[in-house]
Amino acid sequence: MPGESIQAYDLPSRVASYDADMDLMHPNRRKMAEMIENVLTVSGRPPRLAIDIGTGTGFLVDRLLLAFPDLSIIAIDGAEQMVDLARTRLGPLARRVDFRVGDFRDLKTLCANDGSADAVVSAYALHHLSSGEKLQVLRIAHGLLKPGGWFLNGDLTLAEDDELEAVTQHLRVRGIIQRADGRDPRFTDESATRQFLDDLERNEHDQPVRPAEDLRILEKAGFSHVTTFWRETRESVFGGRR
Ligand SMILES: C[S@@+](CC[C@H](N)C(=O)[O-])C[C@H]1O[C@@H](n2cnc3c(N)ncnc32)[C@H](O)[C@@H]1O
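Residues numbered from 1 in each chain as written. Predicted model: local features only at pLDDT ≥ 70, side-chain atom pairs only at ≥ 80, totals over all residues. Heavy atoms only, no water.

(A) Looking closely at the environment of Cys111. Note on placement: Cys111 falls in the loop between helix H7 (107-110) and strand S4 (117-123). Taking the C-alpha atoms as reference points, Cys111 and Ala141, 30 residues apart in sequence, are found 9.6 Å from one another. In contact with Cys111, other than residues within four places in its own chain, are Ile51, Ile74, Ile76, Arg100 and Leu144. (Helix = DSSP H or I, 4+ residues; strand = E, 2+ residues; numbered from the N terminus. Contact = heavy atoms within 4.5 Å.)

(B) View of the environment of Leu93. Within the element layout of this structure, Leu93 appears in the loop between helix H6 (80-90) and strand S3 (97-101). Through-space distance from the C-alpha of Leu93 to that of Pro69 is 9.8 Å; in sequence the pair is 24 residues apart. In contact with Leu93, other than residues within four places in its own chain, are Asp62, Leu65 and Leu66.

(C) View of the site of the ligand. Taken together, the neighbourhood of the ligand is formed by 21 residues, with Arg29, Gly54, Asp77, Phe104 and Ala123 sitting nearest. Going through the elements one at a time, helix H1 (2-9) and helix H3 (18-25) are the ones with two or more residues in the shell around the ligand. The element contributing the most residues to the shell around the ligand is H1, with four residues. Residue classes in the shell around the ligand are distributed as 11 nonpolar, seven polar and three charged. (Near = heavy atom within 4 Å. Nonpolar A, V, L, I, M, F, W, Y, C, P; charged D, E, K, R; others polar.)

(D) Structural context of the packing of helix H9 (residues 162-180) against helix H10 (residues 190-204). Following both chains from N to C, one finds H9 and H10 inclined at 110°, their axes separated by 10 Å at the closest point. Classed by the angle they form, the pair H9 and H10 counts as roughly perpendicular. Seen from H9, the contacting residues are Gln169, His170, Arg172, Val173, Ile176 and Ile177; seen from H10, they are Glu190, Thr193, Arg194, Leu197 and Glu201. Of the residues in the contact of H9 with H10, the class split is four nonpolar, three polar and four charged. (Axes fitted to C-alpha atoms, helices over the stretch in contact; angles between N-to-C directions. Parallel < 35°, antiparallel > 145°, perpendicular 65-115°, else oblique.)

(E) Examining the packing of aromatic side chains more closely. Scanning the entire structure with this criterion turns up three aromatic pairs. Taking the centre distance of 5.4 Å and the plane angle of 75° together, the rings of Trp150 and Phe229 count as edge-to-face. Placement of Trp150 in strand S5 (residues 145-156) and of Phe229 in strand S6 (residues 224-232) is noted, with a sequence separation of 79 residues between them. Residues Phe151 and Phe223 carry aromatic rings whose centres are separated by 5.8 Å and whose planes lie at 40° to one another, so their mutual orientation is tilted. Placement of Phe151 in strand S5 and of Phe223 in the loop between helix H11 (211-220) and S6 is noted, with a sequence separation of 72 residues between them. (Phe/Tyr/Trp six-rings, centres within 6.5 Å; stacked < 30°, edge-to-face > 60°.)

(F) Molecular detail of the pattern of salt bridges. For the structure shown, the criterion picks out 19 salt bridges. For the salt bridge of Asp214 with Lys134, the shortest nitrogen-to-oxygen distance reads 2.6 Å. You can see Asp214 sitting in helix H11 and its partner Lys134 sitting in helix H8 (residues 131-144), a full 80 residues away along the chain. One exposure class covers both Asp214 and Lys134, and it is buried. Taken together, the salt bridges that share partners define one network made up of Asp21, Asp184 and Arg186. (Salt bridge = Lys/Arg side-chain N within 4 Å of Asp/Glu carboxyl O. Buried < 20%, exposed > 50% of the residue type's maximum accessible area, 1.4 Å probe, protein only.)

(G) Broad picture of the sheet that holds S6. Pairing within the open sheet is mixed, and its seven strands lie in the order S3-S2-S1-S4-S5-S7-S6. Only two strands of the sheet have a single partner each, and these edge strands are S3 and S6. Averaged over all adjacent pairs, the angle separating strand axes in this sheet is 15°, with direction ignored. Here strand S1 (residues 49-53) runs beside strand S2 (residues 72-77); their pairing, made up of five bridges, is parallel. Its bridge partner being in S2, Asp52 is matched across the sheet by Ala75. Against the sheet, H8 contacts S1, S4 and S5, and its axis sits at roughly 145° relative to S5. (Pairing = 2+ DSSP bridges.)

Written as structure tokens, this is what we have:
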């Protein structure tokens, strides 16, 4: 249940170790934020209003605010403590952020009184939703965008089939163990790492889908020019234009 996934993120210990864990488990986090920034940079006038769905500790918001000096961001997350951490990370930049704490499945209500956005972005958040919930959120995101505005999502996907998924999971575990380099007791060997990841995904109710399914959902939500801008095993940046 996504409601429970919000609670899982509210655990103080989880929040405190969040950034370090992201670096260990998602080595492409920077690359993905850079790709989102680059697509917005080359797509016309610099964005002035963006909406970030599932802001967490504000990693993507930080990058976009630094890249686009006239940008304001509506940052949505269900976990108050994540938002507190984002405020801390952003410091003075937080003045350009309108934080909204709430369930992003309720995007329509959360953004009811806002003007149209130049971009809607998200990172590592929408895979918490079922395909049906994701479609509903993306339909609303489409309606919140100006014509020509991008929805850009850096998120986790499954591989194209079960065999590829098994290979991808081995690559994932191997990468984490290599980056941990014996310094993290959770990631000393393959079986401990696998156990940790399985528990984490169960706790956070992850429901990634295959890449083609994510693109299909975007098209169904009304987006055009739907594409994948970048991908490496489980992580990709994809989106579409209103
Ligand atoms: C894996 S984190 C990603 C955070 C951030 N975008 C990043 O790249 O570091 C997912 C975030 O989505 C939030 N979240 C998950 N399900 C949610 C929901 N239904 N409504 C609002 N926030 C939700 C969690 O609180 C968490 O902060």
